[in-house]
Amino acid sequence: MKRGRKPKNPVPESMPDSPVVVDDVFSVNDVEVADDTEEAEEPVVAEEQPDSVVRRGRGRPPKKKSRNDVENSDTAFLRRNSRANGVCSPNFNNNVSSSAVPVGKVNNNVSSSVVPLGIISESAPPNVTKVVPSMDAVVKVFCVHTEPNFSLPWQRKRQYSSSSSGFIIAGRRVLTNAHSVEHHTQVKLKKRGSDTKYLATVLAIGTECDIAMLTVEDDEFWQDVSPVEFGSLPALQDAVTVVGYPIGGDTISVTSGVVSRIEILSYVHGSTELLGLQIDAAINSGNSGGPAFNDKGNCVGIAFQSLKHEDVENIGYVIPTPVITHFIQDYEKNGEYTGFPSLGVEWQKMENPDLRMAMGMNSNQKGVRIRRIEPTAPEYKVLKPSDIILSFDGVDIANDGTIPFRHGERIGFSYLVSQKYTGENASVKVLRNSKTLVFNVQLAPHRRLIQAHIKGKPPSYFIIAGFVFTAVSVPYLRSEYGKDYEYDAPVKLLEKHLHAMAQTEDEQLVVISQVLVADINIGYEEIVNTQVLAFNGKPVKNLKELAQMVEKCNSGFLKFELEYQQIVVLQTKTAKAATLDILTTHCIPSPVSDDLKT
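Residues numbered from 1 in each chain as written. Predicted model: local features only at pLDDT ≥ 70, side-chain atom pairs only at ≥ 80, totals over all residues. Heavy atoms only, no water.

Per an unreviewed UniProt entry, the protein chain goes by Protease Do-like PDZ domain-containing protein and derives from Papaver somniferum.

Encoded structure:
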């Protein structure tokens, strides 16, 4: 998965225009048309394209098409693919009087009431409604990022700029993607057709759902613009139009497609699984944060990532309205983003009949078996391993962990959990020792031992005698081992990343990230990313506790017990005295991060 962030080196504006490959016709679906009378006007066929337009040839000159033969190339593509995949062709609106206009060209001679997407016809009859969707609410987001350096946590990386998309909603607010403004130092917004960039303030960042909320104090920004209205969750084969500012130009861009899949998706930025839409419209770098409209002009999602692989084409993903609404209401209820709750359990499918029989389930009972429960979750007090979860909030769960979603559709029962808010209660029915029990549990956010995000905070560190101690997080692993850290990181760390559970709220995985070479630490130079288990015989729970124990140590030696039965022993007075010189040599301002000083 790749997010739609514009690269550091954008395409220069002075780059000469390259030939554009266009289709024969452009179908307008997202328009409102005046009601046809009995004597409807004769449809107008598109004008022939000039010779300067480049077409993709197939070795045979195209046949001249009559009015009845004119067909949108996207429509033909969808029909060909739907036949290949055994899916019925989508239903298209055949009531449009005339929609054939060459791409990149406006036909001013069209006498029909149909107007190309995003263009208002001055000659249109007075009874024609304004074209939808209104793209004036779509803005371009400019952000300057200054990311922390997790490998050298006392400093930050060089700043860089990016651009993405966003859109205005009610309440003088703007929505975009969280990764578009992550680690921001400055955010600016520019409206369509404007030459002014307005300074924006970030109100909330939802890392799990990859949504951020902004606002602008300047009243001029909000003039002459109508906020976007949200629509309901679309169905399969519903038409969607993605609007934004992707790479390849500076003006607004429109791509269209259909909803091809609705399921629980993996959100790359948030390292979570939430409801998502898969569409076949192009989503490129810079489209992130842009709205996806339905054929009525209502927003049904936010573009946020796409699948780039040699075996796939045109697979983009959209954050649907239920997730967007949850984010907005969470902020309005709490004044900040509190996150999506989790049930706090790992479960196993119960599809095997022998397994169901052994667990005491009868033929009418279905559910999933609890494997493990997070010790930090509220459910830890009431649920037990090997409990069979039969239903959640009155909705029965199947043996494969799915629930009925809509007609002909099923979805993972985690969707029900994600619809709740942090602190809310839910009714969980379980089967325990052939007895049915019902518990009212409180839901809380998922607590990982290795955090997926540090939510914009600088990384913590502690230095003594050249040994750099830090807490492991996913950004730290990515900084140390690259984007393929799941393959290149040490097995011990990966095992804890994938399977370990935090025993307490403040537990961290503390490691010696590196050793700043000095005379005091000779012989220890090769220790890298090794977990610290104990200090002077006391288990290490988190980095702050380790720093306090070292600073308060009055014994003659500092003894660190590491993974793989390795130890580090230093004289206390010599180690503390050498720390200042080492910090000066490496231009490190403090031996401890600010969050550990309190």
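Now that the structure is up, let's keep going.
Draft legend 1. Up close: the overall build of the protein chain. A count of helical and extended segments in the protein chain gives nine helices and 31 strands. Residue burial in the protein chain is summarised as follows: out of 598 residues, 47% are buried. Taking as baseline every contact in the protein chain between residues at least 6 positions apart, the subset at least 24 positions apart corresponds to 64%. (Helix = DSSP H or I, 4+ residues; strand = E, 2+ residues; numbered from the N terminus. Buried < 20%, exposed > 50% of the residue type's maximum accessible area, 1.4 Å probe, protein only. Contact = heavy atoms within 4.5 Å.)

Draft legend 2. View of the sheet that holds strand 5 (residues 184-191). Strand order in this open sheet of seven strands is 6-5-2-3-4-8-7, and the pairing throughout is antiparallel. The sheet is open, and its two edges are formed by strand 6 (197-199) and strand 7 (201-206), each paired on a single side. Here the average twist between neighbouring strands, direction ignored, is 35 degrees. Pairing of strand 3 (residues 160-169) with strand 4 (residues 173-176) involves three bridges; the strand directions are antiparallel. Residue pairing across strands places I169 opposite R173, the latter belonging to strand 4. Together, strand 3, strand 4, strand 7 and strand 8 (211-215) form the strand contacts of helix 2 (residues 321-334), whose direction differs from that of strand 8 by roughly 50 degrees. (Pairing = 2+ DSSP bridges. Axes fitted to C-alpha atoms, helices over the stretch in contact; angles between N-to-C directions.)

Draft legend 3. Broad picture of the pairing of strand 23 (residues 435-442). Bridge analysis of strand 22 (residues 425-432) against strand 23 gives eight bridges, and the strand direction is antiparallel. Bridging from a neighbouring strand, S427 pairs with N440 of strand 23. Adjacent in sequence and paired antiparallel, strand 22 and strand 23 are bridged by two residues, among which N433 carries a positive phi angle near 55 degrees.

Draft legend 4. View of the environment of P404. The residue P404 is located in strand 20 (residues 402-404) in this model. Using a relative accessible area of 51% as the deciding quantity, one classes P404 as exposed. If near-sequence neighbours (up to four positions away) are discounted, P404 is found in contact with D396, E409 and R410.

Draft legend 5. Inspection of helix 7 (residues 491-499) at higher detail. Turning to helix 7, its buried residues number three or more, namely L493, L494, K496 and H497. Relative to the axis of helix 7, the buried residues are bounded by an arc of 165 degrees and lie together on one face. In helix 7, the exposed positions that point more than 90 degrees away from the buried face belong to V491 and L498. Looking at the buried positions of helix 7, the neighbouring elements they touch are helix 5 (474-481), helix 6 (485-488), strand 27 (510-515) and strand 28 (530-535). (Arc of directions from axis to C-beta.)

Draft legend 6. Region of interest: the packing of aromatic side chains. Evaluated as defined, the whole model comprises twelve aromatic pairs. Judged by centre distance (4.7 Å) and plane angle (35 degrees), the ring pair of Y267 and F304 falls under tilted. In this pair, Y267 is assigned in strand 10 (residues 253-267) and F304 in strand 13 (residues 299-306), connecting sequence segments 37 residues apart. Here Y267 falls in the buried class, since its relative accessible area comes to 1%. The rings of F462, F469, F535 and F560 are connected pair by pair, giving a single aromatic cluster. Against the face of F142 rests K197, its NZ or CZ located 4.0 Å from the ring centre. (Phe/Tyr/Trp six-rings, centres within 6.5 Å; stacked < 30°, edge-to-face > 60°. Lys NZ or Arg CZ within 6 Å of the ring centre and 35° of its normal.)

Draft legend 7. Region of the structure containing unusual backbone geometry. Of note in the backbone geometry, R172 takes a positive phi value of approximately 55 degrees without being a glycine. Summarising the element assignment, R172 is placed in the loop between strand 3 and strand 4. Positioned with a positive phi, H183 is a non-glycine residue whose angle comes to about 55 degrees. Within the element layout of this structure, H183 appears in the loop between strand 4 and strand 5. Its relative accessible area of 14% is what places H183 among the buried residues.

Draft legend 8. Seen up close, the pattern of salt bridges. On inspection of all chains with the given rule, the structure shows 14 salt bridges. For R172, the salt bridge identified is with D219, shortest N-O distance 2.9 Å. With R172 in the loop between strand 3 and strand 4 and D219 in the loop between strand 8 and strand 9 (239-244), this pair connects stretches of sequence that are 47 residues apart. Relative accessible area serves as the criterion here: at 37%, R172 is assigned to the partly exposed category. Judged by its relative accessible area of 48%, D219 falls in the partly exposed class. A salt bridge links D387 to R432; its shortest N-O distance comes to 2.8 Å. Residue D387 is found in the loop between strand 17 (368-373) and strand 18 (388-392), and its partner R432 is found in strand 22; the two are separated by 45 residues along the sequence. Note on accessibility: D387 and R432 belong to one class, buried. Connected via shared salt-bridge partners are E346, R371 and R372. (Salt bridge = Lys/Arg side-chain N within 4 Å of Asp/Glu carboxyl O.)

Draft legend 9. Up close: a nonpolar patch on the surface. On the surface, F557, I567 and V569 cluster together into a nonpolar patch covering about 260 Å² of accessible area. When its relative accessible area of 43% is taken as the criterion, I567 is described as partly exposed. (Patch = residues over 30% accessible without salt bridge, like charges linked within 9 Å, V, L, I, M, F, W, Y side chains within 5 Å. Areas by Shrake-Rupley, 256 points an atom, 1.4 Å probe, with all protein chains shown as cover.)

Draft legend 10. Summary view of the pairing of strand 14 (residues 316-320). Taken across its five residues, strand 14 has five buried, putting it largely inside the fold. Residue alternation in strand 14 divides its side chains into two sets, G316, V318 and P320 and Y317 and I319, and both sets are buried. Relative to strand 14, strand 11 (residues 272-279) runs antiparallel, the two sharing three bridges. Within strand 14, the position partnered with I279 by the bridge is G316. Taken together, the five bridges between strand 13 and strand 14 define a ladder with antiparallel strand orientation. Bridging from a neighbouring strand, S306 pairs with G316 of strand 14.

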